[in-house]
Amino acid sequence: MVLKIMGMHVKQTILVIGSGAQGKAIAASLANGNYHVLLSDKDFAKAEALVNGLKHDRQHCDVEAMQCFFDSAWESDMILLALCFSEQKEVATTIKEVVNQKILVSLVDPGASEKGNEISAEKQAGLLQQLLPNTKIVQLETADPGTDHTDCSKHLSGVILSGNDEKALEIVSSMLASVGVKSLLTKALSNGEGVVKTL
Amino acid sequence: MHEVFFTKLRESITLTEEEEAIFRTYLLPKKIRKKQYILQEGDACKYAIFVEKGLLRSYTVNEKGNDQIVQFALEGWWITDMYSFITGEPARYNIDALEESELVLISNAALEELRQRIPKFLEFSFLQMRSAYIAFEKRLSYMNLNTEERYKKMVETYPDIVQRVPQHMIASYLGLTAETLSRARKQMSARK
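Cut-offs applied
- Residues numbered from 1 in each chain as written.
- Chains lettered and ligands numbered in written order.
- Predicted model: local features only at pLDDT ≥ 70, side-chain atom pairs only at ≥ 80, totals over all residues.
- Helix = DSSP H or I, 4+ residues; strand = E, 2+ residues; numbered from the N terminus.
- Rg over C-alpha atoms; globule rule 2.2 N^0.38 Å.
- Buried ≥ 20, exposed ≤ 12 C-beta atoms within 10 Å, placed from the backbone.
- Contact = placed C-beta atoms within 7 Å.
- Pairing = 2+ DSSP bridges.
- Right-handed = clockwise from strand over helix to strand, strands pointing away.
- Core = buried A, V, L, I, M, F, W, Y, C linked by C-beta atoms within 7 Å.
- Axes fitted to C-alpha atoms, helices over the stretch in contact; angles between N-to-C directions.
- pLDDT = per-residue confidence, 0-100.

Asks: Any chance you could explain the overall build of chain B here in plain terms?
Replies: For chain B, the helix and strand inventory stands at nine helices and eight strands. Taking 2.2 N^0.38 as the reference for a compact globule, 192 residues should give roughly 16 Å; the C-alpha atoms of chain B span a radius of gyration of 18 Å, in line with that estimate. With respect to the three principal axes, the spread of C-alpha positions in chain B is 60 × 35 × 30 Å. A burial count over chain B gives 31% of its 192 residues as buried. Considering only residue pairs separated by 6 or more positions, chain B has 70% of its internal contacts joining residues 24 or more positions apart.

Put into structure tokens, the structure is as follows:
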């Protein structure tokens, strides 16, 4: 027998790959919401430690450490890459087959470079899109990059979102809003002039 | 990936390699755990769901709080809340996994685009709709039978489901209580 509970929604599964400062901040924010949060890191012990930290702070949060990027991306409705850009490219290649038509949120790496040349945020998005042509790429930049996110109790206050898929931008923005993170702006990546739209 | 899906597709229509590649770009792969929902009553049903591996069920909950199973979906079957999928209105059914499952999801918009880009896909859609209608009619026809006949028909038509699904769910699908089905099964085996 199943009790009828009106207004229940399917719990979305969100995968955060990377448990550095920004990955921690995002995971801590999402753990406040009604999401099934999966955390993965090439160093599994780091992911486990972060999950334990989050569960210590909020006993009922639905977070889980995962070992395999491919399987956890397959399970997820949305994937967040909180890694440096070179690692994002590596992971994108690994999970390519299972992120078709899904939303992938890429954290802008301000220090990304190739052969000594800096790679702009827009170029990073373009390169990821080339690797994942049928995935909806949304870029996320923390609005307060100077904040120290090293402890699990700290979470994001505001972000800047960019992307070409309006629906995907809306979904990411409302997901973040549901956990108290304000999306300050969105901008179309294809628009080189950088026209911005306030949400 | 999506081997069962393309095997089924090729049984109905012939696709060139290029068409198959186009087709793949629209498919959303999703793995779900046992007891996990893919749709809940009240949400808009955004996807037609193809079962690549595993087993799903759709059900509604009656006023007494009992679940009434409408459909099971095994490997190679489609499942969705058709009304909600077509109209965008809130779903009347819940869909969850009875086993860990690998699914292929297609949105309504993707289906429309596929019909435009690969016109022979229309033929596939028609054949799938026809199968769904036949299965629906078959289930309705069960309701005119007595308890034993309903169960026998179920065993004959869907032996895999009977093997993999608990008896109380079979009872729910057949519109019976678990006790009624259990009694009928005992009587049937006593006569053997």
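From this point, the narrative continues.
Asks: Is there a simple way to explain the pairing of strand β2 (residues 35-40) of chain A in this structure?
Replies: Walk down a regular strand and you will see the side chains alternate between the two sheet faces. Residue and element names in this part refer to chain A. The buried fraction of β2 amounts to five of the six residues, a majority that puts the element mostly inside the structure. With six bridges connecting them, strand β1 (residues 12-17) and β2 associate as parallel partners. Within β2, the residue paired with I17 across the bridge is S40. Viewed along the sheet, the connection from β1 through helix α1 (residues 21-30) into β2 turns out right-handed. Sheet topology note: the β2/strand β3 (residues 63-66) ladder contains four bridges and is parallel. If you follow S40 over to β3, its bridge partner there is M66. In the classification by handedness, the crossover that spans β2, the intervening helix α2 (residues 44-57) and the parallel β3 is right-handed.

Asks: Honestly, the nonpolar core in this entry has me stumped. Any pointers?
Replies: Core analysis: the biggest nonpolar cluster contains 53 residues, and V16(A), I17(A), A27(A), V37(A), L39(A) and L80(A) have the highest contact counts within it. Discounting residues that sit within four places of it in the chain, V16(A) has contacts with G23(A), I26(A), A27(A), V37(A), L39(A), L80(A) and A82(A). F23(B), Y26(B), L174(B) and L181(B) belong to the second largest nonpolar core, which has 42 residues in total.

Asks: Which parts of the structure should I look at to understand the sheet that holds strand β7 (residues 94-97) of chain B?
Replies: Working definition: the strands of a sheet are paired by backbone hydrogen bonds and lie parallel or antiparallel to each other. Residues and elements named next belong to chain B. Strand order in the open sheet made by the four strands is β2-β7-β4-β5, with antiparallel pairing throughout. Each of the sheet's edge strands pairs with one partner strand only, and the pair in question is β2 (37-39) and β5 (67-73). Along the sheet, successive strands turn relative to each other by an average axial angle of 30°, direction set aside. Both strand β4 (residues 56-61) and β5 contribute to a ladder of six bridges, which runs antiparallel. Opposite V61, over in β5, you have D67 as the bridge partner.

Asks: Even after reading the chapter, I still don't get the sheet that holds strand β8 (residues 101-107) of chain B, so can you show me in this structure?
Replies: Residues and elements named next belong to chain B. The four strands lie next to each other as β1-β8-β3-β6, forming an open sheet whose pairing is antiparallel. Edge positions in the sheet fall to β1 (28-32) and β6 (78-79), since each of these pairs with one other strand and no more. The pairing of strand β3 (residues 47-53) with β6 spans two bridges and is antiparallel. Residue pairing in the sheet places F50 in a bridge with W78 of β6.

Asks: Help me out: how do you make sense of unusual backbone geometry in this one?
Replies: At Q101(A), a position not held by glycine, the phi torsion is positive, near 65°. Mapped onto the elements, Q101(A) comes out in the loop between α4 (85-95) and β5 (103-107). We note that H2(B) has phi near 65°; this positive angle belongs to a residue other than glycine. One can find H2(B) in the segment before α1 (3-12).

Asks: Is there a simple way to think about the confidence of the model for chain A in this case?
Replies: Caution is warranted with low-pLDDT regions, since their predicted coordinates should not be read in detail. Residues and elements named next belong to chain A. Of all residues in chain A, 82% have pLDDT values of 70 or greater, and the mean over the chain is 84. pLDDT under 50 marks residues 148-153. Its contacts with residues more than four places away, or in other chains, come to 14 contacts. Overall, residues 191-199 carries pLDDT values under 50, and its contacts beyond four positions in sequence, including any with other chains, amount to 13 contacts.

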